[in-house]
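# Inside the fold
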Amino acid sequence: MSESEDENAVVQEDEVFEITDFTNASDWESFITQIEEIITNWNLTSYVKLQPLQNNEITNGDWEAVTAHLKFTNVPFTMTLHRLKFKPDTEQFVEELDEEDDDKIPLPQYVEDMMCIDNDFPARAHCIARWYGLRCFLILSISSSNGITNQSKCNLLTSSVSIALNNMSCDVPFFVQIQENWRRMYEGKAVSTGMSTQFEMVHLKKCPQQYAYLSGLLYLFKNKIGLTSLLSGETRVSARFTYVLHDWGIDGKWPAKPPDPEAVASHFGTLLYGCLEDPVTELQLAAVWPSMTGDLVIDNDIHSDFKPLSAPRWVVRLCYADDLTCLLSSYLYEFIKATNRTESMSDLLNVLEDHTTDKHLGQALEKITDPSAGGMLPGVKLASGLTKVVTDSQTLFRKSAYTLGRIAAVRGRIPREVLNNIKSYMFFQESTNSRQSSSQQQQASTYTFYHKLKAAPIDSLTHHLAMCAIVVNLCHGGLSALAQVWHVFVSELRTMLDNGECLPGIDSSKPDLNTCLLHQKLQMLNCCIQRKVLREQRSPRSSSEVDFKVNPSFVDISEDLTESNNHNNHMATDESKNETTPLKEVDKYDGNLETSENAAASSNHSERLSSNDSRGKFSVQSDDEDEFFECESDIDLGDTEQKHITSGDQHQEISEQQSLDQVSFTVNSNKTEDGAIISRDDVEHSTNENKDSMVDIDVSYPAEGRLKPCDDLNLLHCNSSLFIPHTQDHAPVTEDQLEEQAEVFSKLGDTKEGSKVRAKMQSASLRSDMEAFKSANPGCVLEDFVRWYSPRDFENGELSQRMKIPQNLWVTTWKSAKPVPAHRQKRIFDDTKEAEKVLHFLTNLKPAEAAQMLIPVCTHEALLVLRLASDAMKESLPSLPLICNQIEARAAQIFKQWHMYGSVANQFQPWTKDIQTKVEDLFRQITFAETMIERARSLQHKFRNLGDMAQVNAFVRQLLEHPEVPLDEAAVGPVGCIIKYYFQNQQNIVVEAESSLSSEQSEDVRLPKEIPPLPKPAGREFIIRASNSYPSTFSRKLPHRMYAVLMQNEFRLASAVSHDSTFF
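Cut-off values and rules
- Residue numbering note: each chain is counted from 1, following its sequence as written.
- In keeping with the predicted nature of the model, local features appear solely for residues at pLDDT of at least 70, side-chain atom pairs appear and are counted solely at 80 or more, and the whole-chain, interface and lining totals rest on all residues.
- The side-chain numbers reported here are obtained from all heavy atoms of the structure, hydrogens and water having been left aside.
- Numbering of helices and strands starts at the N terminus; helices are DSSP runs of H or I of at least 4 residues and strands are runs of E of at least 2.
- Summary of the burial criterion: residues with accessible area below 20% of their type's maximum are buried, those above 50% are exposed, and those between are partly exposed, where the area comes from a 1.4 Å probe applied to protein chains only.
- We call two residues in contact when some of their heavy atoms are within 4.5 Å.
- Surface accessibility follows the Shrake-Rupley procedure with a 1.4 Å probe radius. Residue values consider only the protein chains on display as shielding.
- Residue-level confidence of the predictor is what pLDDT reports, using numbers from 0 through 100.
- Orientation is described by lines fitted to C-alpha atoms, with helices fitted over the stretch in contact, and by angles between N-to-C directions that extend from 0 to 180 degrees.
- Small angles under 35 degrees read as roughly parallel and large ones over 145 as roughly antiparallel, with 65 to 115 read as roughly perpendicular and the rest as oblique.
- Handedness of a crossing follows from how the near helix is turned relative to the far one, being left-handed for an anticlockwise turn of less than a right angle and right-handed for a clockwise one.
- Polar here means any residue other than Ala, Val, Leu, Ile, Met, Phe, Trp, Tyr, Cys and Pro, which are nonpolar, and Asp, Glu, Lys and Arg, which are charged; Gly is therefore polar.
- At least two bridges found by DSSP between two strands is the condition for calling them paired.
- One side-chain nitrogen of Lys or Arg within 4 Å of one carboxyl oxygen of Asp or Glu is enough to make a salt bridge.
- An expected span of 1.5 Å times one less than the residue number is assigned to each helix.
- Aromatic pairing here means that ring centres of Phe, Tyr or Trp (its six-membered ring) are within 6.5 Å. Orientation follows from the plane angle: under 30 degrees is stacked, over 60 is edge-to-face, and everything else is tilted.
- When the NZ atom of lysine or the CZ atom of arginine is within 6 Å of a ring's centre and also within 35 degrees of its normal, the charge is said to sit over that ring.
- As used here, the term nonpolar core means buried Ala, Val, Leu, Ile, Met, Phe, Trp, Tyr and Cys residues forming a set that is joined through side-chain atoms within 4.5 Å.
- Count a disulfide wherever a pair of cysteine sulfur atoms falls within 2.5 Å.
- In protein, a polar contact requires one atom able to donate a hydrogen and another able to accept it; more generally it is a pair of N or O atoms within 3.5 Å, and residues adjacent in sequence count only if both atoms are side-chain atoms.

### Concerning the overall build of the protein
- From N to C terminus, the protein includes 32 helices and 20 strands.
- Put simply, the protein has 1064 residues, and 54% of those count as buried.
- Within the protein, residue pairs in contact and separated by at least 24 positions form 77% of the contacts whose partners lie at least 6 positions apart.
- Counting only carbon and sulfur atoms, one obtains 49% of the accessible surface of the protein, whose full area is about 49200 Å².

### Quick look at the confidence of the model for the protein
- Overall, the prediction assigns the protein a mean pLDDT of 75, with 72% of residues at 70 or greater.
- Segment residues 93-102: pLDDT under 50, and 10 contacts once partners within four positions in sequence are set aside and those in other chains are kept.

### Here we look at the environment of Leu722
- Here Leu722 lies in strand β14 (residues 721-725).
- Residue classification places Leu722 among the buried residues on the basis of a relative accessible area of 0%.
- Spatially, the C-alpha atom of Leu722 lies 9.3 Å from that of Phe773, the residues being 51 residues apart in sequence.

### A look at the packing of helix α24 (residues 764-776) against helix α25 (residues 782-789)
- It is at 11 Å that the axes of α24 and α25 come closest, and there the two elements cross at 110°. One element, α24, and the other, α25, form an angle in the roughly perpendicular class. Considering how the two elements wind past one another, α24 and α25 form a crossing that is right-handed. Between α24 and α25, the contacting residues are Leu766, Asp769, Met770 and Phe773 on the first element and Leu782, Asp784, Phe785, Trp788 and Tyr789 on the second.
- Residues belonging to the contact of α24 with α25 are distributed by class as follows: seven nonpolar, no polar and two charged.

### Thoughts on helix α12 (residues 416-426)
- The set of residues buried in α12 consists of Leu419, Ile422, Lys423, Ser424, Tyr425 and Met426.
- Taken together, the buried residues of α12 touch α14 (461-475) and α15 (479-499).
- The first or second residue beyond α12 is Phe428, which carries a positive phi of 60°.

### Let's talk about the environment of Leu748
- By the secondary structure assignment, Leu748 is in helix α22 (residues 735-748).
- Through-space distance from the C-alpha of Leu748 to that of Arg758 is 7.3 Å; in sequence the pair is 10 residues apart.
- In contact with Leu748, other than residues within four places in its own chain, are Gly754, Val757, Arg758 and Met761.

### Thoughts on the pairing of strand β19 (residues 1037-1047)
- In terms of burial, β19 is largely enclosed, as nine of its 11 residues are buried.
- Where strand β18 (residues 1019-1029) lies against β19, 11 bridges are found, and the strand directions are antiparallel. Directly across from Ile1024, in β19, lies its bridge partner Met1042.
- Examined bridge by bridge, β19 and strand β20 (residues 1050-1060) share seven bridges and lie antiparallel to one another. Paired with Met1042 across the two strands is Ser1055, which belongs to β20.
- Hairpin geometry of β19 and β20 is characterised by an intervening segment of two residues between the two adjacent antiparallel strands.

### Description of the pattern of salt bridges
- Tallying each qualifying case throughout the model produces 34 salt bridges.
- Between Asp295 and Lys222 there is a salt bridge, with its nearest N and O atoms 3.4 Å apart. With Asp295 in the loop between β8 (280-293) and β9 (313-320) and Lys222 in helix α7 (residues 214-224), this residue pair connects regions lying 73 residues apart in the sequence.
- Where Glu888 meets Arg867, a salt bridge forms, and the shortest distance between an N and an O atom there is 3.1 Å. In this pair, Glu888 sits in helix α29 (residues 880-897) while Arg867 sits in helix α28 (residues 847-872), placing the two residues 21 residues apart along the sequence.

### Quick look at the environment of Pro208
- Looking at the secondary structure, you find Pro208 in the loop between β6 (195-204) and α7.
- Note on Pro208: relative accessible area 21%, which makes it partly exposed.
- In the structure, Pro208 is positioned 843 residues away from Phe1051 in sequence and 8.3 Å away in space, judged by C-alpha atoms.

### Considerations on the packing of α22 against helix α23 (residues 752-762)
- Packing of α22 against α23 brings their axes to within 8 Å, and their N-to-C directions diverge by 150°. Judged by the inter-axis angle, α22 sits roughly antiparallel to α23. Here Val744, Phe745 and Leu748 of α22 come into contact with α23, specifically with Gly754, Val757, Arg758, Met761 and Gln762.
- The residue makeup of the contact of α22 with α23, split by class, is five nonpolar, two polar and one charged.

### What to know about α24
- An ideal rise of 1.5 Å per residue puts 18 Å on 13 residues; α24 measures up with 19 Å between its terminal C-alpha atoms.
- Burial analysis of α24 places 11 of its 13 residues in the buried class, the great majority of the element.
- Burial in α24 covers these residues: Ser765, Leu766, Ser768, Asp769, Met770, Glu771, Ala772, Phe773, Lys774, Ser775 and Ala776.
- Where the residues of α24 are buried, they touch β13 (706-714), β14, α23, α25 and α26 (809-816).

### Notes on the packing of aromatic side chains
- Under the defined criterion, the tally for this structure stands at 29 aromatic pairs.
- Note on Trp486 and Phe489: the rings are 5.6 Å apart at their centroids and 35° apart in plane angle, and the pair reads as tilted. Of this pair, Trp486 and Phe489 are both found in helix α15, three residues apart, which corresponds to roughly one turn of the helix. With respect to burial, Trp486 and Phe489 carry one shared label: buried.
- Ring pairs connect the aromatic residues Trp63, Tyr110, Tyr132, Phe137, Phe175 and Phe199, which therefore count as one cluster.
- Over the aromatic face of Phe841 sits the side chain of Lys521, whose NZ or CZ is 5.1 Å from the ring centroid.
- Above the ring of Tyr213, the side-chain terminus of Arg1020 is found at 5.3 Å from the ring centroid.

### Things to note about the pairing of strand β7 (residues 235-245)
- Of all 11 residues that make up β7, 10 are buried, and the element is covered over most of its length.
- The sheet contact formed by β7 and β18 spans eight bridges and is antiparallel. When the sheet's bridge partners are listed, Ala239 is paired in β18 with Phe1022.
- Where β7 and β8 come together, nine bridges link them in antiparallel fashion. What sits directly across from Val244, in β8, is Gln284.

### Here's the deal with the nonpolar core
- Core analysis: the largest hydrophobic core is formed by 152 residues, its most contacted members being Leu283, Trp486, Phe489, Leu493 and Leu842.
- In this view, Leu842 contacts Trp486, Val490, Leu493, Leu518 and Leu522; residues no more than four positions away in its chain are not counted.
- Listed in part, the 59 residues of the second largest apolar core include Ile35, Leu44, Met185 and Ala190.

### Structural notes on unusual backbone geometry
- In this chain, Tyr1030 is followed by Pro1031 through a cis amide linkage whose omega measures 15°.
- Looking at where Pro1031 falls in the secondary structure, it is placed in the loop between β18 and β19.
- A positive phi angle, near 55°, is found at Asn796, a position not held by glycine.
- If you trace the backbone, Asn796 turns up in the loop between β15 (794-795) and β16 (798-799).
- Judged by its relative accessible area of 80%, Asn796 falls in the exposed class.
- With a phi angle near 50°, Ala970 is a residue other than glycine that sits in the positive phi range.
- Mapped onto the elements, Ala970 comes out in the loop between β17 (965-966) and α32 (974-1000).
- Taking relative accessible area as the criterion, Ala970 reaches 7% and is therefore assigned buried.

### Looking at the state of the cysteines
- A full pass over the atoms with the stated rule returns zero disulfides.
- Sulfur of Cys170: no disulfide; nearest cysteine sulfur belongs to Cys136 and is 8.0 Å away.
- The structure places no disulfide on Cys527, whose sulfur is separated from the nearest cysteine sulfur, that of Cys528, by 6.9 Å.

### What about the side chain of Lys532?
- Here Lys532 shows up in helix α16 (residues 517-538).
- Polar side-chain contacts of Lys532 include one of 2.8 Å to the side chain of Glu536.

Structure follows, in structure tokens:
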């Protein structure tokens, strides 16, 4: 008994483990449930009847695609809904049946779409919409690129789709993508009330011989729907034959001549544009026969009724070059490639030295003494100057290099003659009148434009440098050639600084903060040179004896930021308007107002220093001449009074416009300033203190540095006139210096100590003006200075309230100020030091970084060229000006966001990956616009014989805006005649080529007696429709459709056969 019980226990345990719970959903059922949930979420369960499709609605309508993701046994699938958007003026409606027609079941929407003949062969649509004429359908595809090649898996997915459609009563056709994705193979199912439709497809590489014509396809279609003896008129056939024109002949050949490589390589005035080859590669002519009776058309291997010249419809489609080589795009693409390199200047130039060896010492000495080689850059070790170069044609263009390969063969040094030409163009040593005249016409419109892009003015030194850099990079060896040009450029800047020559193409104004950083640096250097020349002219010694020697090695500029900011007092500047008048900052702490003097004088005061005709000589008592600012002493008061305005009226006008409680004020040539209100107790205390300070008046020193009398004002404690002194101009600053100052001031914080340090850093200009005023007016007091410098702070014979604050900045600065004329003062703006900073900054740039700094200027030039070209083609491309506007707005947005500096001045900040991506996308948009222009030019030339230019432009506009264009009057119309002419020329060329080939091979080839007007069709498409009872004779009569395409290397059939599910 015990053994039997043990056996029963073992059996029970096995039975327990073999129990299967069939209530749990399987993976297949879960997959079907996911499909049903998606169909429900997309509201595809309700039957909605739509308006019938309009003519070409599938082509011209707006399509939308909605995607959802699902899994089947951990395999990801994608379910996509493609449907045509509803037009705003159309409504959905549900078809209501009459009571008399209760037995009649309406056909679903997809069946009516399949049988609609107004949308056969759509020019632009999804392949399923083209093959079946559907406006709404679902696609289930596997997420991987391999596709579903297993037939059992395909059947499983198809059955899952069928179950989901039946469960949800969804009448939207559902397709499953099978086989490899590139084959575009689909199986589908559609279910509706009383019927279903099976969508099947055949795809072969070669067409079977028995189905190569319409007769064989009709036989196949009739067998498919089960009836071989279909009555006449029951089948309808639509056909489309496509003919391809490859050779346009001499008359239609691309009109643009290939550019001369040497001309491209030596053209620096502006960027060239245009294609190197025809952008229109071929023309496809489609002859269409819509909805004919299938049994009445003969098309077999013996005879065909499809004659293209007698086709009722002709449709034209164009094919364009995929990777078109355009000059303007090549400039930009090759230049942006150079920005991704990491080689330094010394690396590239030293490599060139390794490739060039001197044959003997005489050549080396000749190169050393050659003045055309230019000065050597500090920090770059080179054995000799720049000599011969042989450039690389590989970097000239990405394609069609054979047309430009005559420039050079091996990368190396730029030839000295070419380098001299580049230098002459950069520094305006050759005539540029033609470019200037053209630019002057555009100056009014482009002035604000280059400011928007933060670029540089046309025909400026920066603009010339950018043009040389982008051309040299394309045509003379890439980054290596760019490094040589940069070396020559910086060396010439050093030479011009040493010789006191102002930079050509750079105005004498302060750095324009709305331009690129490189242009600001050049403006700063030009200001330094002007200050240097002015100081040397005022020096008592001759210019040859002036002790202004530039150290060949750059000065150390890694000094304390506080000291640097004492020389750069320009803190608050309106960047958007680029005002030349600086603002003064006011810091508040301990309830007192500290006026932070941030500038020395206004732009009017700067003009005063430069506009005097009489240039006096001063005796310099200090040996260190660079530490002092020289100005004029012997001034003709009559001349100066005519050139300068007095202070009273203008100051009064400013005071009426500004409120008394303002804490910031503006310094102009008359030194006006706004005040702030404080308590009366402080006023009385300050008045007594100021009266005590006026007791000791020093009148023992002689007056120096007088500019002119200040109206009829006299000193308060002396009978002498009050004179306006010569003062130092405020220091020009660049954008990166302003950023550095802002960073330093923000780090000081709002503490009392930080405010004192900030006020001290910004009071250099105020101290300089006070010292100059004391020197020009012996016996003066603070009230005299305020009367000239800020008249609003001197009212009713006494100082304003804020000037009476005990120990305020004005009082303390006045007490410590010594009577020193401006020409003896330490320079607020050290032009020697700032010039060395600029050259140090430019020298330490890598060639790739220099290219980045020039990108806004190059883009500005490219957009100007694009705008001129688009204006010439706006009749053919009305949307092109709008595209240019969008590109320009995008460029302005990118370059405004791009900061080429960091928190420390004179340190270049390379662009980020985000900025680089945006710039590359901008260049792609420019390329697209240039390509559109070239396409329009090509089509205008090809159809120039159509009529007047208005007719030509109208037809070209249709070709560019639409994928296909129907031709009026088909073959006998004006356009049809031109196309027939091009085809006839192509046929003649083909026949001549065959005859010449046969004669060379000594073969007897029979040429046709009559050359056909069109070649053999490259593709033939057929749509066959029929309505018939299926699957049995007593089934309901339902529509059927089959699409066929026959090409040289492709044969495809797409059938839609409907089944009666009630009477089968």
